[in-house]
2 protein chains.
Amino acid sequence: MNVLDFLITPAEACQRSGPNDKIVFSSRVRLARNLKGVPFPGHAKKADRLKSLETLVPAVSGLPQMGTEPFAEAMDKLTALDKQILVERHLISREHAAKGVGSGFVLNKDETVCVMVNEEDHLRMQALRPGLQLKQAWMAIDGVDSSLQEKVEFAFSDQYGFLTACPTNLGTGIRVSAMLHLPGLVLAEQINQIIQAVNKLGLAVRGLYGEGTEALGNIFQVSNQMTLGETEGEIVERINKVLLQIIEHEENARLAQLEKKPKVLFNHIGRAYGGLSHSHIITSKETMNLLSLLRLGVDLGMFGSTPKSLVDELFLLSQPGHLQIGHPEKLDAEVRDALRAELLRQRMKVVPAPDHTGVVTKAA
Amino acid sequence: MNVLDFLITPAEACQRSGPNDKIVFSSRVRLARNLKGVPFPGHAKKADRLKSLETLVPAVSGLPQMGTEPFAEAMDKLTALDKQILVERHLISREHAAKGVGSGFVLNKDETVCVMVNEEDHLRMQALRPGLQLKQAWMAIDGVDSSLQEKVEFAFSDQYGFLTACPTNLGTGIRVSAMLHLPGLVLAEQINQIIQAVNKLGLAVRGLYGEGTEALGNIFQVSNQMTLGETEGEIVERINKVLLQIIEHEENARLAQLEKKPKVLFNHIGRAYGGLSHSHIITSKETMNLLSLLRLGVDLGMFGSTPKSLVDELFLLSQPGHLQIGHPEKLDAEVRDALRAELLRQRMKVVPAPDHTGVVTKAA
């Protein structure tokens, strides 16, 4: 089966809801694990990588948590487009998409558990949930981990805990993260302050596609950096508390903008609507930033009954890989910018023109 | 009577039409004249200026060409807002608006003839026509000039012709000009080439408010520089020919853009529509540039039956002075930018969303 046929549609994916999903797109917990006595993927020979792949893919696929008929595939069997789509859906890392022979991944049918085999570690197992559901994600991936330990033996040190390719993952091997939409803090120019404060608490703040990427669309990933010295439960609990504080700051920033500079806010949102509805050439980067403002407008009630799932769907569909779907020839950036604009013009037709009058009343 | 009560409304003013008015907003011919034996305004004492004002205002007002009940007023009797409105309507120069005691102006009821008294010269008499009607404007102002010569004696030299304060106006004292809308040449990046070619023909190309001003809204003024050595008729004829060539170049530039880069063109026009329809803060400069693109879209048939008079009216109404009307307190730029956006949002409601499909068919 083709990856694209397996994946749920962007519309379905975006209709999922969870607590605090106005601000928190999704929660994710991933565990890094390695097989005992087998070289880490970066140091392993091709034969070793193929061997661990052959062991792990069936082992993971057979777990009860992966449900019936998970999708399991070797990375070298995927097309460049398949890989790009998986990255754009945030199911695999960019690094994993660059892998070929000897790497693979397993994804369950509802896309709540995705396991990368032979990325930086033998196993990068992740559980995903919409909104702020770190504990639920942690419990899910903990279950996967426990079940898998009945089948294979992990590299473990009594002194350090789980051994990993990179020392930053040593110990629990856990990375807890949430993807946040923070346009209020960006508009209020408070985002750098928040990032610094969050960094001081030992958490990392990154852009949309992880380490070293830009915060396009005012979307930020917050995650733990330390994996030693605390239990997984403590890490999850600590991040959860910080996220609740960030959510509060974002809500306050929105309210403050609405009270102090409503015209500036409406101007940004109105122009974003205008650009999305009427452009004929638009880059991915601009689209993300305008969609962020549209989503903020939806949150504020400026677009009638437009659901935020529509905006989230456009976030996905306007990415280069998703635009490529259905086109046999490789599209260049110029063609994509025109296709993206056409898609947006079409889809924006159902979004009514912005109406700020109700918002003003609420703020007054 | 107040200037504002006398002036025709922007809507009326913009509904006037003339030949080639897709590209030529208006034609203007002005004559510079001075009284014999009276110092030029720049060198005259206050008493002399008052005297010439007292002579000239009734003389001009009583001309048959000024019709019944022209508006005649001393500049020191006008408020700053009155003057600003007259400048924004292109009835008086910025320089004249800065004058006080000893200067004045006379305007006929249909705003086709406007005479400035004691600007740089004793008389700056101008006739205005919509579209490309240089000859008609010339004939009109020539009539005013002839009638006036029956009442007063002008400073005239057999060797040089009419004497003027600045030698650039010496001889005929004529300045023939047209205001052109050239978005096609600007988008095609051919405008500088055209300006250079026109300059070589001895014509000046200036921005919206004359010498030294920016070409906001892709609006350019073309006028003669030489006033000696040719008859008025020859000057009018020569400029008319050049203007017809510029019009052709503009039309070709539009067609070429439409054939070679339709998406770029539709993108500019679509985004202009979006910005005008949905902004909450917008500067005068940005407004002019977006209205220029909207007007181009109207010309191309992208906005249904929207008349270009609506766009032209918005060009006027969105200027700082026009926005100030009806507000007793002096508005600052920030407030104006919000008021302008509100005006545009309201007025743009009757303009349908851009539809490029018909345009593509025509170009194909």
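So, how was this worked out
- Here, residues in each chain are numbered from 1, in the same order as that chain's written sequence.
- The lettering of chains begins at A and the numbering of ligands begins at 1, in the order of writing.
- In keeping with the predicted nature of the model, local features appear solely for residues at pLDDT of at least 70, side-chain atom pairs appear and are counted solely at 80 or more, and the whole-chain, interface and lining totals rest on all residues.
- Working from all heavy atoms in the structure, the side-chain values ignore hydrogens and water.
- The contact definition used throughout considers only heavy atoms, calling two residues in contact when any of these lie within 4.5 Å.
- When two components associate, each loses some accessible surface as probed by a 1.4 Å sphere; the sum of these losses over both components is called the buried area.
- Each reported salt bridge corresponds to a side-chain nitrogen of Lys or Arg within 4 Å of a carboxyl oxygen of Asp or Glu.
- As used throughout, domain bounds are those supplied by an automatic or database domain assignment.
- The copies were overlaid by least squares, fitting only the C-alpha atoms of residues that reach a pLDDT of 70 or more in each copy.
- Secondary structure elements are defined from DSSP: runs of H or I of at least 4 residues count as helices, runs of E of at least 2 residues count as strands, and each element is numbered from the N terminus.
- Exposure is judged per residue with a 1.4 Å probe applied to protein chains only, and the accessible area is read against the type maximum: over 50% gives exposed, under 20% gives buried, and values in between give partly exposed.

Overview of the interface of chain A and chain B
Here comes step 1: Every contact between the two is made by 19 residues of chain A and, on the other side, 19 residues of chain B.
Here comes step 2: Buried area between chain A and chain B, summed over both chains or domains, comes out near 1,600 Å², and the portion from carbon and sulfur atoms is 61%.
Here comes step 3: Considering only the surface of chain A that becomes buried against chain B, A:Arg271, A:His278 and A:His280 emerge as the three largest contributors, covering 40% of it.
Here comes step 4: Between A:Glu286 and B:Arg271 there is a salt bridge, with the nearest N and O atoms lying 2.8 Å from each other.

A closer look at the domain arrangement of chain A
All names here are of chain A.
Here comes step 1: On domain assignment, one finds that chain A holds domain 1 (3–254) and domain 2 (261–363).
Here comes step 2: For domain 1 versus domain 2, the distance between C-alpha centres works out to 27 Å.
Here comes step 3: With 24 residues of domain 1 at the contact, the number on the domain 2 side is 23 residues.
Here comes step 4: Summed over both partners, the interface of domain 1 with domain 2 buries about 2,200 Å², with 66% contributed by carbon and sulfur atoms.

Details of the relation of the copies chain A and chain B
Here comes step 1: Superposing chain A onto chain B takes a rotation of 180 degrees plus a shift of 0.0 Å along the axis, which leaves an RMSD of 0.0 Å. A rotation of that kind, with that shift, is consistent with a two-fold axis. Relative to the rotation axis, the closest C-alpha in chain A is found at A:Gly274, a distance of 1.9 Å.
Here comes step 2: The fraction of interface residues of chain A whose copies in chain B are also interface residues reaches 100%, indicating that both copies meet through the same surface.

Brief notes about the pattern of salt bridges
Residue and element names in this part refer to chain A.
Here comes step 1: Considering all chains together, one arrives at 30 salt bridges over all chains under this definition.
Here comes step 2: Here Arg33 makes a salt bridge to Asp145, at a shortest N to O gap of 3.0 Å. Of the two residues, Arg33 is situated in strand β1 (residues 24–33) and Asp145 in helix α6 (residues 134–149); the sequence distance between them amounts to 112 residues. Accessibility assignment for this pair places Arg33 and Asp145 in one class, buried.
Here comes step 3: Among the ionic pairs, Arg347 bridges to Glu313, the shortest N-O distance being 3.1 Å. With a gap of 34 residues between them, Arg347 in helix α14 (residues 333–348) and Glu313 in helix α12 (residues 308–317) connect regions that are remote in the sequence.
Here comes step 4: Salt bridges sharing common partners tie together Glu119, Glu120, Asp121 and Arg124.

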